[in-house]
Every structure is written in C-alpha cells, then in structure tokens.
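Take a look at the letters that make up each chain.
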Amino acid sequence: MKETRLITGLKNGLKGELAVPGDKSISHRALLIGAISQGKTVIDHFLKSQDCLHTLGALQQLGVTITEQNSQVQVWGQGIEHLSPSAAPLEMGNSGTTTRLMLGLLAGRPFDSYFQGDASLSQRPMKRVSEPLAKMGAEIALTAAGTLPAKVKGHKLHGEKIALQVASAQVKSAVIFAGLQADNPTKIIEKLPTRNHTELMLRQFGAEIITAADQRTITVIPKPKLLGQQIQVPGDPSSAAFFMAAATLVPESSIILKNVSLNPTRTGFLRILQKMGGKVSILNQTKLSENSGDLKVESAKLHAIQLTAADIPAVIDELPLVALLAARATGKSKITGAEELRVKETDRIATVTEELSKLGVNIQELPDGLVISGSTKWQPVTNQLDSHGDHRIGMMLAVAALCIQGSLELQQADAVKISYPGFFADLQQLIV
Ligand code: S3P
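All values derive from a computational prediction rather than experimental measurement.

(A) A look at the site of the ligand. Close contacts around the ligand come from Lys24, Ser25, Arg29, Thr97, Ser168, Ala169, Gln170, Arg195, Ile316, Asp317 and Lys344, and that covers them all. Contact distances for the ligand include 2.9 Å between an oxygen atom and a side-chain N or O atom of Ser168. At 3.0 Å from an oxygen atom of the ligand is found a main-chain nitrogen or oxygen belonging to Gln170. Contact with the protein chains hides 95% of the accessible area of the ligand, taken as 380 Å² for the molecule alone. Elements with a contribution of two residues or more to the shell around the ligand: helix H1 (24–35) and helix H5 (169–179). Sorting elements by how many residues they give to the shell around the ligand places H1 first, with three residues.

Below you can see the structure in the form of structure tokens.
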C-alpha cells in the first residue's frame, strides 16, 4: 500500500444522495452459502472489494464456478459434497471473515486444505475458531502463536454444545458452517448477540437454524437441503457510517444514504450517533434480502457518550468513527469492553489513539477501550496521517481531515480497497 492522498478540510457542507456499496458481511455469506447449495444463486449489489474477492477466489480454488453478468454475480452451486481440494494454499489476503468462515466450512470436508494470508491477517488470532471446532472433531493446525498459515485435515464432525469465549459473528458462523455438516445438532451459546447474517441467509436457503429468544443461543440442525436463491445485498451500514459521521461533523451538511441495511445487529452506530445528539432519520424502509432503508443525516452538535461491553458487538467496526465523533463532541467520552479492537486488521485502540493524537485530540488508551475529551478546536501536530494499512482507520482519518482547516496527507490511503474501493470517489460526489 503506497498511495498517499491529500485531503482538504471542507468549507461547505456535504450535500446530495449516495447509494453505498453492498454489505461486506452479506456479500461473503452469499458466495459461501451459494457455493454449498444446489442450483444458481444470483447476487445483486455484491461488494466487489478485496476482502470479498478473496472469498470468491478461494471458492474458485475449491472448484466452484462463479460468473458475473450485468453487474450480478452468479454462483453455480452443486452442493457441499462437490467442493474439491485445492492443491495450492487458499489465499485469504487481509480477510478475517473469509478465513474464519472457511475454516468452519472446510473442517468437515473429506480432504485437507491449507490457508494463508497477508502480514496483518497472519497475526490475528485463529484459536478462537480452531478450539470450538476441535470440540466437534475438527483438526486444524496453526502456528505456535495460534495464527495462519493453517492446515485443515478434513474430518467427520459431531454436534456439540459450544459456549463461545468471544462475542464474534465470525467464530459463530464458523461453528454454524461446521454444524451443518455434523451428524447431530449443534448448540451455540454466545457471550453477547452478534450480527446474524449467517443464520438469516441459511434460513432463506432452506436450513433449520433456531435462534432462542435470548438472541444468543443458536441451534443448527445438520444436513439441510440448501437451494440457490436470489440475494439483494443492502448497502453496508459500516460504509454508510463514514458519510454519516462526515455529514454530522461538517457544518451545513444534509445527505441521504440510500438502501442501507437496518439489521438491528448492525445499527449500533446509528443509535449511538442519535444518542450523542446526531440528526439521523430513517426515510423509507425497503425489504431487500434484509431490512434496509434510506437515511437522512444533517450536521449536529454532539455530546459525549459512555459505551460498555454490551454496546460493542453492534458497533464493532464503527468504533474508530465513534472515537472521532467523541473527539469533536462536548465532554468526556469513555468506551470500555472493546478489547476485540486490539485484534482487528490493526490494533485499533492503538492506531486510533496514535492518529487522532496527531490531530491534537485529547485521547487515552485503556486496555479495553478509550477515553476521549472532545473539542472542535484541534491543534494538529503534523499534517501526515497513516492508515497503517487498515481500511477503516484510513476512511475514519479521511473524515477527520474534512473537519480541519488546510490539508492533510493520508499515507497508505489505498487500504480503503479492502472494503470500499470507491470510497474517495463517493465522498467527492457529496462535496459541493
Ligand atoms: C464480521 C464480523 C465482525 C466484524 C468483521 C465482519 C462478519 O468480526 O468485525 O468486519 O462478517 O462476520 P468479529 O465477528 O470477529 O467481531
């Protein structure tokens, strides 16, 4: 990642309408579930970002035919039994979702698979997946540090009661994919409810996945007959969040974001922004593959917020942006229970603190969160910011740069391609 971008603080507000790209989590799952179903799955508004293309490429390595026509992606599923071994290691790139979901999927296939990833992914914890899967009979060898590269020796799996140690939809989904192949039901108990796209989509394809009223106990009935479906991917709320933050913070802004997912496991940022005094309203609700709607966002003055562990899963990817909102709000904000941020694409507690400090923000790290004293009068100490190769840090810093006077350089700006290749062009579209 070499690209440096110059970003200039805005004099006028953001204006206009934007349809953000398709949801990353749903795009991954549409490919994976389509690949193990019988018949054609057609995906509309698929997110063509580096992460999702790694899922697509890995499935092709396993013999799945995937084509593209008229901006739709077609997955020609032949059922899970038709996945075939790949002699070459499966290439995961930077994508934790691809890795963890596919570890669960391939643990139960009757062949061996090898996984490799880039430098950042190769530092991220994988025992959180291999350990629960081992209880079901899986055999996954990782490095001594519990990281990639991995070797999966395919096995017959048995259903178990699995209490997950981390609140992670990726880990839950890995166990669900393994549970589909087991010889008896699997019961998963999550610490806190996490995004439920795997459960919702598998049900649409014909699986029996039972979610208890507590929203964190999930039973997977094995060996379902899955049939290819039409998937309309809603706009990614984690991508929309960058523009929601920008329109809130840059005075005299008013924008509309079209067809954004309103799945309650993903709308934590929207709720937090409203609680901080943000002006966000839902205009039209539409039913795509999941509930979605248009969001109107206008500039607002914000006040501080306190977040604890129970708030975190629904806003996990947007926490760098919450830190930015807090850095411009009145008062002292505190985020705790967010230790998961330390094992994302970067240690986001450290990278958010390092980069926002460069802008003169009063921010301190906690082991599991951040304390931020907000102000609208930042005194930057440098004009060079760095994404650290982390897409969400890069986009958060681009939004931060819109709030200052003068220009800033964003190093490794091309990291945005991991989840949002058109981010800078879309931002430009809202700048009048
Ligand atoms: C994701 C789940 C989250 C999130 C990631 C995508 C998913 O990770 O941070 O960007 O698609 O399941 P965890 O489940 O590990 O928190």
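(B) How the structure looks around H1. Its 12 residues place the ends of H1 17 Å apart at the C-alpha level, agreeing with the 16 Å of an ideal helix rising 1.5 Å per residue. Most of H1 sits out of view: 12 of its 12 residues are buried. At the N-terminal end of H1, a side-chain oxygen is found 3.2 Å from the backbone nitrogen of Ser25, two or three residues along, and the residue is Asp23.

(C) Here's a closer look at the nonpolar core. Counting residues in hydrophobic clusters, the biggest one holds 75 residues, and the most contacted among them are Phe243, Met244, Leu257, Phe269, Leu319 and Phe423. Residues within four places of Phe243 in sequence aside, it is in contact with Leu18, Val20, Ile255, Leu257, Tyr420, Phe423, Asp426, Leu427 and Leu430. Ile33, Ala35, Met126 and Val129 belong to the second-largest nonpolar core, a separate cluster that totals 64 residues.

(D) Local environment of the packing of aromatic side chains. Counted according to the given criterion, the structure contains five aromatic pairs. Judged by centre distance (6.0 Å) and plane angle (80°), the ring pair of Phe243 and Tyr420 falls under edge-to-face. Here Tyr420 lies in the loop between strand S23 (407–411) and helix H12 (423–429) and Phe243 lies in helix H7 (residues 237–249), a separation of 177 residues in the sequence. With centroids separated by 5.6 Å and ring planes inclined at 70°, the aromatic side chains of Tyr420 and Phe423 adopt a geometry described as edge-to-face. Of the two residues, Tyr420 and Phe423, neither departs from the other in class, the shared state being buried. We note Arg328 situated over the ring of Trp378; from NZ or CZ to the ring centre the distance is 4.4 Å.

(E) Examining the side chain of Ser253 more closely. In this fold, Ser253 is placed in the loop between H7 and strand S15 (254–261). The class for Ser253 is buried, based on a relative accessible area of 5%. Residue contacts for Ser253: discarding those within four places in its chain leaves Gly13, Leu14, Lys15, Ala246, Ala247, Val297, Glu298 and Ser299.

(F) How the structure looks around the sheet that holds strand S16 (residues 279–287). Strands sit in the order S2-S15-S17-S16 across an open sheet of four strands; the sheet is mixed. Whereas interior strands pair on both sides, the edge strands pair on one side only; in this sheet they are strand S2 (15–19) and S16. Direction aside, neighbouring strands of the sheet carry axes that sit 15° apart on average. Sheet analysis places S16 next to strand S17 (residues 291–298), joined by seven bridges and oriented antiparallel. Bridge pairing in S17 places Val280 opposite Val297. Lying on the sheet, H7 is in contact with S2, S15, S16 and S17; it crosses S15 at an angle near 165°.

(G) Summary view of the sheet that holds strand S8 (residues 139–141). Reading across the sheet, the four strands line up as S6-S7-S9-S8 and stay open at both edges, with mixed pairing between neighbours. Taken across any chain shown, the strands that pair with only one partner, and hence form the sheet edges, are strand S6 (90–91) and S8. Direction of pairing for S6 relative to strand S7 (residues 112–116): parallel, over a ladder of two bridges. Within S7, the residue paired with Leu90 across the bridge is Phe115.

(H) Representation of the packing of helix H4 (residues 127–135) against H5 within the structure. It is at 9 Å that the axes of H4 and H5 come closest, and there the two elements cross at 30°. Between H4 and H5 the crossing geometry is right-handed. Along its contact with H4, which presents Arg128, Val129, Pro132 and Leu133, the element H5 presents Val171, Ala174, Val175 and Ala178. Tallied by class, the residues present in the contact of H4 with H5 amount to seven nonpolar, no polar and one charged.

(I) Expanded view of the UniProt feature "active site" (unreviewed entry) in the protein chain. Feature annotation in UniProt places "active site" (unreviewed entry) on Asp317, given in this structure's numbering. Residue placement: Asp317 occurs in the loop between strand S18 (306–307) and helix H9 (319–328). Among the residues examined, Asp317 registers a relative accessible area of 12% and is labelled buried. A polar atom in the side chain of Asp317 sits 3.2 Å from the side chain of Arg195.

(J) Inspection of the pattern of salt bridges at higher detail. The full count for this structure, using the stated rule, is 18 salt bridges. A salt bridge links Glu199 to Lys172, with the nearest nitrogen and oxygen atoms 2.8 Å apart. Remark: Lys172 occurs in helix H5 and Glu199 occurs in helix H6 (residues 197–205); sequence separation between them is 27 residues. Judged on exposure class, the residue Glu199 and its partner Lys172 are both buried. The shortest N-O distance in the salt bridge between Arg348 and Glu345 comes to 2.9 Å. Via salt bridges that share partners, Arg124, Glu345, Arg348 and Asp390 belong to a single interconnected network.

What counts, and where the lines are drawn
- Residues numbered from 1 in each chain as written.
- Predicted model: local features only at pLDDT ≥ 70, side-chain atom pairs only at ≥ 80, totals over all residues.
- Heavy atoms only, no water.
- Near = heavy atom within 4 Å.
- Polar contact = N/O pair within 3.5 Å; in protein donor to acceptor, adjacent residues only side chain to side chain.
- Areas by Shrake-Rupley, 256 points an atom, 1.4 Å probe, with all protein chains shown as cover.
- Helix = DSSP H or I, 4+ residues; strand = E, 2+ residues; numbered from the N terminus.
- Expected span 1.5 Å × (residues − 1).
- Buried < 20%, exposed > 50% of the residue type's maximum accessible area, 1.4 Å probe, protein only.
- Core = buried A, V, L, I, M, F, W, Y, C linked by side-chain atoms within 4.5 Å.
- Contact = heavy atoms within 4.5 Å.
- Phe/Tyr/Trp six-rings, centres within 6.5 Å; stacked < 30°, edge-to-face > 60°.
- Lys NZ or Arg CZ within 6 Å of the ring centre and 35° of its normal.
- Pairing = 2+ DSSP bridges.
- Axes fitted to C-alpha atoms, helices over the stretch in contact; angles between N-to-C directions.
- Left-handed = near helix turned anticlockwise from the far one by under 90°.
- Nonpolar A, V, L, I, M, F, W, Y, C, P; charged D, E, K, R; others polar.
- UniProt positions renumbered as here; feature names shortened; annotations may be inferred.
- Salt bridge = Lys/Arg side-chain N within 4 Å of Asp/Glu carboxyl O.

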